[in-house]
Amino acid sequence: MRFAPTEEQAEFRSAVKALLADTCDIVAVRASWGGEVGRHTDVGQGNGRVERAWKGLADMGVLGLLVPEADGGMGMTQDAFVGIAVEAGYAGLPDPLIETAAVAPPVLASSSEPLASEILARIACGEVTVGVGFGESPIVPCASTADWFLILTGSAAHLLDASAADITPLSSVDGARHLGRVNWNADDSTVVVSSDSDAVALAAARNAAATFSAAALVGLSHRMIDMTVEYVGERRQFGVPIGSFQAVKHELADAALGVEFAEPLAFNAAHLLSVGEDATVAASMAKSRASRSSQVASDVCLQLHGAIGYTVEHDLHLFMKRAWALSRQYGDFRTHRAVVRRALLED
Amino acid sequence: MDLTWSESEQHFREECREWLRANVPAEPLPSGDTSEGFAVHLEWEYLLHSAGWAVVSWPAAYGGRDATLWEWLIFEEEYYAAGAPQRITQNGIFLLAPTIFEFGSRAQQDYYLPRMSAAQDLWCQGWSEPNAGSDLAGIKSRAVRDDERGGWVLSGQKTWTTRGAFSTHLFGLFRTDPEAERHRGLTYFLAPLTAEGMTVRGFGRLDGDEGFAEVFLDDVFVPDDDGTTETMAAGGILGEIGQGWGVAMSTTSSERGLTLRSPGRFRAAAARLLELAHDQIAAGVDLDPAVLDAVTDAWIDTEAYALYTLRDVTGVVEGTPAGARSSYNKVFWSELDVRLHEAALDLLGAEAELDGSWMHGYEFSLSGPIYAGTNEIQRNIIAERVLGLPRK
């Protein structure tokens with residue numbers, strides 16, 4: 001029994017953290033916002049990508065971490081990725097890292113289509129991004145820059161060439177998201193995996209999306225809490241730092257408490273994905289808790305920043321809005337709790 | 001990550017399970033926090049000890065079986081899953097013993113620990129006073145040096161002493177330097193409750209059991225330790241004079257975290273909660289979906305707590321113990337326990353008030369956020385010592 005990353009995984013995660021601190025700093029996150037979000041023209045003219053960070057991740061092998069060695073990747077398992085997803089959340093990386101590097105590769109690796117193998121190789125070297133959507137006409141982040149879409153319906157995984165796809169751009173509260181609706185009707189020609197051939201891989205994709213978005217929410221929550229700890233330590237009222245007030249301490253302690261206990265659930269779900277066990281309940285527990293605790297964290301952190309937090313001058317909103325979005329993407333707190341409830345009480 | 005138990009750990013689990021299956025009383029014992037119930041629980045402790053299960057993680061010489069921390073977790077899981085009796089020895093074995101292991105002399109360890117594991121000496125905690133609860137450093141009970149007789153004279157009053165009326169010994173903090181303030185000038189004393197000058201008065205808790213006591217010390221003499229059994233039987237000091245605060249804090253982190261509330265206890269309770277939910281559903285009871293969500297939440301949080309503990313134990317085993325993070329632990333398990341029992345009461349509806357195990361469990365759970373350092377104090381510790389907010 002050992003519930004901790006291996007030394008190698010921990011070192012790799014630290015290296016990714018350092019890379020993101022350097023290449024995806026707050027200036028880069030701000031710049032990734034798009035000008036088309038009219039209300040937020042003070043922030044960048046970006047396209048939702050931080051190219052330097054992406055290139056760095058490709059060079060380090062992060063993008064190919066879960067790509068089989070035969071396809072040019074590192075052939076590692078999901079427990080090696082979960083800590084990295086936390087760091088991506090912490091950095092506020094807007095790029096489709098979870099989708100491209102952790103959701104798509106296992107699905108594509110389970111496909112016998114030559115195209116799937118080709119895309120895997122291109123993911124590993126950082127040439128393509130893959131947007132992931134669930135169901136008919138899904139809303140997908142980073143849709144405008146995606147090279148491929150992996151659309152998962154109940155019965156199949158479809159791989160669509162983005163250059164031929166019909167995408168309706170949608171404006172998100174988080175200007176770095178660059179959402180698009182992929183207008184698309186299921187058609188056998190794009191199937192890479194079907195539930196007949198590999199239902200497990202399709203279920204695993206849903207669980208991976210929940211697990212790694214939960215991990216990213218843990219990172220986002222830590223980031224908001226760190227920013228708030230710093231702020232309330234500096235901001236003085238009544239002659240003292242407001243962080244010395246018990247009302248402030250207890251709010252922050254509660255925000256941190258929720259995140260503290262959400263994190264091991266995400267690591268456990270990643271572990272189950274790694275060993276190929278059914279992670280449905282574990283992933284839903286993780287996403288349910290991470291979604292709820294990130295909402296608590298964003299509420300508390302906004303409140304404790306006071307009026308400055310309620311502006312786009314301050315950077316808190318960059319992380320808070322991402323948390324609002326991500327806590328509901330791939331299933332919100334209640335949806336995932338209902339999955340667990342059904343497994344416990346209705347089966 | 002390797003979330004599997006080794007073959008030897010599996011074997012240990014089987015061994016625990018087998019013994020518990022053969023020995024756990026079929027009917028639950030009367031509460032150990034009443035005088036009749038305490039006597040029955042004492043018999044159970046003797047049985048546990050004779051079979052080597054009283055203190056599995058201790059050295060064999062002191063009544064244990066040198067189990068690893070992982071095996072201890074397994075034992076706890078099996079113990080609660082088997083519905084085995086509450087541990088009336090827990091204040092000794094879980095709170096005092098770690099301090100004796102860390103600060104006691106070899107002679108003190110050799111004397112106190114075997115007697116504790118055999119339930120010969122039954123320890124209660126003498127920390128809180130009428131005016132020093134959350135503000136523990138405000139302790140007024142004092143110990144005055146008596147050079148003539150060669151020892152210390154204890155006086156004052158301790159309160160909220162769990163099972164004090166049934167215990168034989170007290171460990172607690174006393175002020176040895178009247179000039180020193182707050183947490184300085186305190187010393188960690190051990191004393192028999194049979195000593196001259198000790199008066200113990202039991203009183204009823206919220207759940208009706210007389211599990212609380214106040215202890216009055218009226219010039220109780222504790223002789224200097226000369227390494228003999230006679231002086232140790234009459235009491236003693238753990239750690240240095242004036243260093244009691246630091247010595248005591250080492251036990252608070254055991255109390256808050258791992259040792260007092262292993263996940264096995266909550267897993268067993270969550271399993272019973274699920275069973276109750278299934279029973280109510282099968283009986284056609286009209287349940288609001290929100291109640292089933294509360295059941296699910298309690299179950300998820302129990303899993304989160306169990307996983308958190310596995311991570312903590314990994315940290316301890318690899319030399320990075322939780323430290324102040326144990327305050328997260330204490331807030332979480334205590335509030336989880338309340339929510340879990342509330343969910344059960346809601347499943348029971350109007351029948352919740354009937355005298356039964358869920359109502360008893362609920363009443364007991366309500367003490368969790370209060371004892372072992374109130375959750376308000378724990379949140380201060382999280383904010384100041386984990387997150388780094390300014391104290392003043």
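Not measured: the values here are computed from a predicted model.

*Asks:* Would you mind showing me how to read the overall build of chain B here?
*Replies:* Looking only at helices and strands, chain B features 12 helices and 8 strands. In terms of C-alpha radius of gyration, chain B reaches 21 Å, essentially the compact-globule figure of 21 Å for 392 residues. Dimensions of chain B, computed from the C-alpha atoms along their principal axes, are close to 75 × 45 × 45 Å. Burial status across chain B gives 57% buried among its 392 residues. Taking the contacts inside chain B whose residues are at least 6 apart along the sequence as the reference set, 70% of them involve residues at least 24 apart. Total accessible area computed for chain B in this model is approximately 16,400 Å², and 51% of it derives from carbon and sulfur atoms.

*Asks:* I'm lost on helix H4 (residues 82-91) of chain A in this one. Help?
*Replies:* Side chains that are three or four residues apart share a direction in an α-helix, a result of its 3.6 residues per turn. Residues and elements named next belong to chain A. Judged by how many residues are buried, H4 sits mostly within the fold: 9 of 10 residues are covered. Burial in H4 covers these residues: Val-82, Gly-83, Ile-84, Ala-85, Val-86, Glu-87, Ala-88, Gly-89 and Ala-91. Packing partners of the buried residues in H4 comprise helix H1 (7-23), helix H2 (26-31), helix H5 (97-109), helix H7 (195-234), helix H8 (246-274) and helix H10 (316-326). Of the residues one or two after H4, Gly-92 is the one with positive phi, at around 75 degrees.

*Asks:* Could you clarify how one ought to interpret unusual backbone geometry in this entry?
*Replies:* Here A:Tyr330, not a glycine, exhibits a phi torsion of approximately 60 degrees, which is positive. Judged by relative accessible area, which is 15%, A:Tyr330 ranks as buried.

*Asks:* Help me understand the interface of chain A and chain B, please; the structure alone is not making it clear to me.
*Replies:* Often, the extent of an interface is quoted as the loss of accessible area upon association of its parts. Facing 40 residues of chain A, the contacting portion of chain B comprises 44 residues. With both sides pooled, the region where chain A packs onto chain B buries about 4,100 Å², and carbon together with sulfur makes up 68% of that total. At the junction of chain A and chain B, the tally comes to 11 salt bridges. Close ionic contact of B:Asp293 with A:Arg341 constitutes a salt bridge, the shortest N to O distance being 2.8 Å. Counting only elements with at least two residues in the side of chain A that touches chain B, the list comes to H7, H8, helix H9 (280-305) and helix H11 (333-345) of chain A. When residues in the side of chain A that touches chain B are grouped by element, the largest group, 16 residues, is from H8(A). Grouping the amino acids of the side of chain A that touches chain B by side-chain chemistry returns 22 nonpolar, 8 polar and 10 charged.

Each value, and the rule that gives it
- Each chain carries its own residue numbering, running from 1 in the written order of its sequence.
- Key to labels: chains lettered from A, ligands numbered from 1, both in the order written.
- Where totals are concerned, whole chains, interfaces and linings use all residues; where local detail is concerned, this predicted model gives features only for residues with pLDDT of at least 70, and gives and counts side-chain atom pairs only at 80 or more.
- Hydrogens and water are ignored here; the side-chain numbers use all heavy atoms of the structure.
- Going along the chain from the N terminus, every DSSP run of H or I of four or more residues is numbered as a helix, and every run of E of two or more is numbered as a strand.
- Two things to know: the radius of gyration comes from C-alpha atoms, and the globule rule equals 2.2 Å times the number of residues to the power 0.38.
- For each residue, the accessible area found with a 1.4 Å probe, counting protein chains only, is set against the maximum for its type, and the residue is called buried under 20%, exposed over 50%, and partly exposed in between.
- Contacts are residue-level and defined by heavy atoms, with any inter-residue pair within 4.5 Å sufficient.
- Computed with the Shrake-Rupley method and a 1.4 Å probe, the accessible areas treat only the protein chains shown as cover for residues.
- By buried area we mean how much accessible surface two parts lose on assembly, using a 1.4 Å probe and totalling the loss over both.
- Any Lys or Arg side-chain nitrogen located within 4 Å of an Asp or Glu carboxyl oxygen qualifies as a salt bridge.
- Following the grouping adopted for this structure description, the nonpolar residues are Ala, Val, Leu, Ile, Met, Phe, Trp, Tyr, Cys and Pro, the charged ones are Asp, Glu, Lys and Arg, and the polar ones are all others, Gly among them.

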